[in-house]
Amino acid sequence: MALSQKSQLLFCSLLFIFFSQSLSFNRSRPNKDDDIHDLLPSYNLPKGLLPNNVKSYTLSPKDNSFTVQLTHPCYVQFQDQLVYYQKEIRGKMSYGQVSDVSGIQAKKLFVWVPVTGINVDEESHMIEFHVGFLSEKLPAKDFETIPTCKNKGCQDSLLSSI
């Protein structure tokens, strides 16, 4: 009788381990109907950090690292800031920030610089973008809506002054 109870306990333990790992795996592979833009606010990040052409994404439940696949690389104009999104974007999300970013670049004067981190400053209602040891803040309201991706980048402010 004792062996039977031990067998049942072992079987139940193995089932628990199997199902918990299965659930963990499913969270890292979102439903194709899930939209990362809807997930961002749960991390206190605005929906408009990523362009509208997201094809798919994965999010690791272990460390919140993510990979976003776009349908194609593209440009987005945020007020006076032109941003380039590569086809694959990676990083690690936590509440109010994204670290270890790769796949996003911002144009500064005539040079493209990689964005390495993003922070939400709730007090000033600004989004801070880190480029190495430098950073720049842009109004959070600029990121409330999901931006439209464009195949070519041009700064509207420069064109309007010509």
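See above for the structure.
Procedures and definitions
Residues numbered from 1 in each chain as written. Predicted model: local features only at pLDDT ≥ 70, side-chain atom pairs only at ≥ 80, totals over all residues. Heavy atoms only, no water. Helix = DSSP H or I, 4+ residues; strand = E, 2+ residues; numbered from the N terminus. Disulfide = S-S within 2.5 Å. Buried < 20%, exposed > 50% of the residue type's maximum accessible area, 1.4 Å probe, protein only. Core = buried A, V, L, I, M, F, W, Y, C linked by side-chain atoms within 4.5 Å. Contact = heavy atoms within 4.5 Å. Polar contact = N/O pair within 3.5 Å; in protein donor to acceptor, adjacent residues only side chain to side chain. Patch = residues over 30% accessible without salt bridge, like charges linked within 9 Å, V, L, I, M, F, W, Y side chains within 5 Å. Areas by Shrake-Rupley, 256 points an atom, 1.4 Å probe, with all protein chains shown as cover. Salt bridge = Lys/Arg side-chain N within 4 Å of Asp/Glu carboxyl O. Lys, Arg positive; Asp, Glu negative; His and termini not counted. Pairing = 2+ DSSP bridges.

**Q** Would you take a moment to explain unusual backbone geometry for this structure?
**A** Across residues other than glycine, the phi torsion is negative in most instances, and most of the peptide bonds are trans. For Asn-44, which is not a glycine, the phi torsion comes out positive at approximately 60°. By the element assignment, Asn-44 lies in the loop between α2 (36–39) and β1 (54–59). Here Gln-79, not a glycine, exhibits a phi torsion of approximately 40°, which is positive. Looking at the element boundaries, Gln-79 is found in the loop between β3 (74–78) and β4 (81–94).

**Q** Explain the state of the cysteines to me, please; I cannot follow it from the model alone.
**A** Linking two cysteines covalently through their sulfur atoms gives a disulfide. Using the criterion set out here, one finds one disulfide in the structure. Across the disulfide from Cys-74 sits Cys-149; the S-S distance is 1.4 Å. Of this pair, Cys-74 sits in strand β3 while Cys-149 sits in the loop between β9 (134–139) and α3 (156–160), and the two are 75 residues apart along the sequence. In this structure, Cys-74 and Cys-149 share a single accessibility class: buried.

**Q** Honestly, the nonpolar core in this entry has me stumped. Any pointers?
**A** Considering soluble globular proteins, one finds that nonpolar side chains tend to be buried as a cluster. Formed by 30 residues in total, the largest nonpolar core has its most connected members in Leu-49, Val-68, Tyr-85, Ile-89, Met-93 and Phe-129. The set of elements that each furnish at least two residues to this core consists of α2, β1, β2 (65–70), β3, β4, β5 (97–108) and β8 (126–131). Val-68 has contacts with Ile-36, Leu-50, Val-54, Ser-56, Tyr-57, Lys-87, Glu-88 and Ile-89, leaving out every residue within four places of it along the chain.

**Q** Whenever I open this one, the environment of Lys-137 confuses me. Can you help?
**A** Among the structural elements, Lys-137 can be located in strand β9. The class of Lys-137 is partly exposed, set by a relative accessible area of 39%. In contact with Lys-137, other than residues within four places in its own chain, are Asp-121, Ser-124, Met-126, Ile-127 and Glu-128. A distance of 3.0 Å separates a polar atom in the side chain of Lys-137 from a polar atom in the side chain of Asp-121.

**Q** Would you explain a nonpolar patch on the surface in this entry?
**A** Together, Leu-109, Phe-110 and Val-111 line one region of the surface with nonpolar side chains, adding up to about 420 Å² of accessible area. Structurally, Val-111 is set in strand β6 (residues 111–114).

**Q** When you look at the side chain of Glu-128 in this model, what are you seeing that I'm missing?
**A** When you line up the elements, Glu-128 lands in strand β8. In this structure Glu-128 is buried but unpaired, with Lys-137 as the nearest side chain of opposite charge at 4.6 Å. A polar atom in the side chain of Glu-128 sits 2.7 Å from the side chain of Ser-135. Contacts of Glu-128, omitting those with residues within four sequence positions, involve Gly-117, Ile-118, Asn-119, Ser-135, Glu-136 and Lys-137.

**Q** Please explain the pairing of β4 as it appears in this structure.
**A** Judged from the five bridges that link them, β2 and β4 form a sheet pairing that is antiparallel. Residue pairing across strands places Gln-69 opposite Glu-88, the latter belonging to β4. One ladder, built from seven bridges, connects β4 with β5; its direction is antiparallel. If you follow Met-93 over to β5, its bridge partner there is Val-98. Where β4 hands over to β5, the hairpin turn is made up of two residues, of which Gly-96 adopts a positive phi near 80°.

**Q** Got a minute to help me understand the pairing of β1 in this structure?
**A** Remember that side chains alternate between the two faces of the sheet whenever the strand is regular. In the sheet, β1 pairs with β2 via five bridges, with the strands oriented antiparallel. Counterpart to Ser-56 in the pairing with β2 is Gln-69. The hairpin turn running from β1 into β2, its antiparallel successor, is five residues long, and Asn-64 in that turn takes a positive phi close to 60°.

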